[in-house]
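# Structural overview for review
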Amino acid sequence: MAEKNLTSTTQFLLTAFTDCPEQALPLFLLFLLIYLITLLGNTGMVILIRVDGRLHTPMYFLLSHLSFMDICYSSVTVPQMLAMLLERGAVLSYTRCAAQFFLFTFFGSIDCYLLAIMAYDRYVAVCRPLLYVTVMTQKARLGFVAGAYGAGLFSASVRTVSAFTLSFCGTNEIDFIFCDLPPLLKLTCGDSYTQEVVIIVFAIFVIPACMAAILVSYLFIIVAIMRIPSAGGRAKTFSTCASHLTAVSLFFGTLIFMYLRDNSGHSLQEDRVVAVFYTTVIPMLNPLIYSLRNQEVKEALRKVLERAEWS
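Residues numbered from 1 in each chain as written. Predicted model: local features only at pLDDT ≥ 70, side-chain atom pairs only at ≥ 80, totals over all residues. Heavy atoms only, no water.

We now examine the packing of helix α1 (residues 24-51) against helix α2 (residues 58-87). Here α1 crosses α2 at 160 degrees, and the two axes come no closer than 9 Å. What the angle tells us is that α1 and α2 run roughly antiparallel. Between α1 and α2 the crossing geometry is left-handed. Here the contact of α1 with α2 is composed, by residue class, of 20 nonpolar, seven polar and two charged. (Axes fitted to C-alpha atoms, helices over the stretch in contact; angles between N-to-C directions. Helix = DSSP H or I, 4+ residues; strand = E, 2+ residues; numbered from the N terminus. Parallel < 35°, antiparallel > 145°, perpendicular 65-115°, else oblique. Left-handed = near helix turned anticlockwise from the far one by under 90°. Nonpolar A, V, L, I, M, F, W, Y, C, P; charged D, E, K, R; others polar.)

If you want it as structure tokens, here you go:
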């Protein structure tokens, strides 16, 4: 029998990039540089928010958690991808593959929820400015973040259990950069109806639900901005949302491509490029987006650098 249950599988072989050995070293150096920038940028953002009193606001509190999630998010996949480029492939045990799948889903789900909460924060700040202090209290934002972590844990647990009760047959090679659902589904055989239902439910309750919350928030924000009489006032108000809107567009755009489409007719090479973008590039871009387009962050960074020069 070619068919076998996943519980009898002891390891998986990741073979991404092995078809182009001459590109291994350039890709290794590129991804290493991106990863170091990601760690430096996001760690710097967290420290900056902690040390500068002007950034002790609900928006930056949420941003510090988003930066921390980006560090964790990329660290689940990038170090392994670097090792895979050097060793021309990577062998993962069943337990390690499941753990990576769980952690990636956990941190990715929290990212989705945090971006939705940040959209609500912008809605209250723009549409209900007089109530902002009473709505976004310390207790409220701690509750929002705790809810995001709890929902991420639930999503990751259900999705991991569903994925690792699949039946596989044939090869255990995964032509991908980490243990993710699309390449795992390509190795399945037999009836996977239950798992597919769970995948759909996960997609509905994480990606579209968060997107709906973000879209509704920004619909109200746009209406409020259009009511501002002066063009300068409209531009200044919209600028407070521009960084978040850019981050949302990049993150959810790639997630929609990967998880909310028909997998038939799409190559793993195409999926691999998109996966590299949202696991490697986006976590690097987020601190740049929030710093380059945010005057408060740039001013806080300037103050910290000045104090460092004088000390």
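The UniProt entry lists residues 28-49, 61-86, 98-120, 140-158, 197-225, 237-260 and 272-292 under the feature "transmembrane region" (unreviewed entry), expressed in the numbering used here. Taken end to end, residues 61-86 has its terminal C-alpha atoms 38 Å apart, with 100% of it in helix and 0% in strand. (UniProt positions renumbered as here; feature names shortened; annotations may be inferred.)

Here we come to a nonpolar patch on the surface. Judged by side-chain polarity, Tyr193, Val197, Val201, Ile204 and Phe205 come together as a nonpolar surface patch covering roughly 510 Å² of accessible area. Structurally, Val197 is set in helix α7 (residues 193-226). (Patch = residues over 30% accessible without salt bridge, like charges linked within 9 Å, V, L, I, M, F, W, Y side chains within 5 Å. Areas by Shrake-Rupley, 256 points an atom, 1.4 Å probe, with all protein chains shown as cover. Salt bridge = Lys/Arg side-chain N within 4 Å of Asp/Glu carboxyl O.)

Okay, the confidence of the model for the protein chain next. Mean pLDDT over the protein chain stands at 85; residues scoring 70 or higher make up 90%. Below pLDDT 50 for its whole length, residues 1-7 participates in 21 contacts with residues either more than four positions away or in separate chains. (pLDDT = per-residue confidence, 0-100. Contact = heavy atoms within 4.5 Å.)

This brings us to the environment of Thr105. Within the secondary structure, Thr105 is located in helix α3 (residues 94-127). Look at Thr105 and you get buried, because its relative accessible area is 3%. Residue contacts for Thr105: discarding those within four places in its chain leaves Ser155, Ala156, Arg159 and Phe202. A polar contact of 2.9 Å, which involves the side chain of Thr105, links it to the backbone oxygen of Phe101. (Buried < 20%, exposed > 50% of the residue type's maximum accessible area, 1.4 Å probe, protein only. Polar contact = N/O pair within 3.5 Å; in protein donor to acceptor, adjacent residues only side chain to side chain.)

What follows is about unusual backbone geometry. Despite not being glycine, Arg88 shows a phi value in the positive range, around 60 degrees. Relative to the assigned elements, Arg88 resides in the loop between α2 and β3 (90-93).

Attention now moves to the pattern of salt bridges. Using the criterion set out here, one finds three salt bridges in the structure. Across the pair Asp121 and Arg122 runs a salt bridge, and its minimum N-O distance is 2.9 Å. For Asp121, a relative accessible area of 0% puts it in the buried group. When its relative accessible area of 8% is taken as the criterion, Arg122 is described as buried.

With respect to the helices and strands, Thr160 occurs in helix α5 (residues 138-163). Of the residues examined, Thr160 reaches a relative accessible area of 12% and is grouped as buried. Only 2.6 Å separates the side chain of Thr160 from the backbone oxygen of Ala156, close enough to count as a polar contact.

With that settled, the discussion passes to the pairing of strand β2 (residues 11-14). Of the two faces of β2, only the one carrying Phe12 and Leu14 is buried; Gln11 and Leu13 on the other face are not. Sheet topology note: the β2/β3 ladder contains four bridges and is antiparallel. Counterpart to Leu14 in the pairing with β3 is Ala90. Summarising the sheet, β2 and strand β5 (residues 173-174) pair through two bridges and their orientation is parallel. Within β5, the position partnered with Leu14 by the bridge is Ile174. (Pairing = 2+ DSSP bridges.)

The three strands are arranged β3-β2-β5 in an open sheet whose pairing can be described as mixed. Since the sheet does not close on itself, it has two edges, and those belong to β3 and β5, each with one partner. Sheet strands touched by α3: β2 and β3. Its angle to β3, the strand with the most contacts, is close to 90 degrees.

What follows concerns the packing of aromatic side chains. Within this structure, the stated rule accounts for 13 aromatic pairs. Residues Tyr120 and Tyr123 carry aromatic rings whose centres are separated by 6.0 Å and whose planes lie at 35 degrees to one another, so their mutual orientation is tilted. In this pair, Tyr120 and Tyr123 are both assigned in helix α3, three residues apart and thus about one turn of the helix distant. Grouped by ring-pair contacts, the aromatic residues Tyr73, Phe104, Phe176, Phe178, Phe251, Phe252 and Tyr278 constitute a single cluster. Looking at Arg141, its charged tip hangs above the ring of Phe61, at a distance of 5.4 Å from the centre. (Phe/Tyr/Trp six-rings, centres within 6.5 Å; stacked < 30°, edge-to-face > 60°. Lys NZ or Arg CZ within 6 Å of the ring centre and 35° of its normal.)

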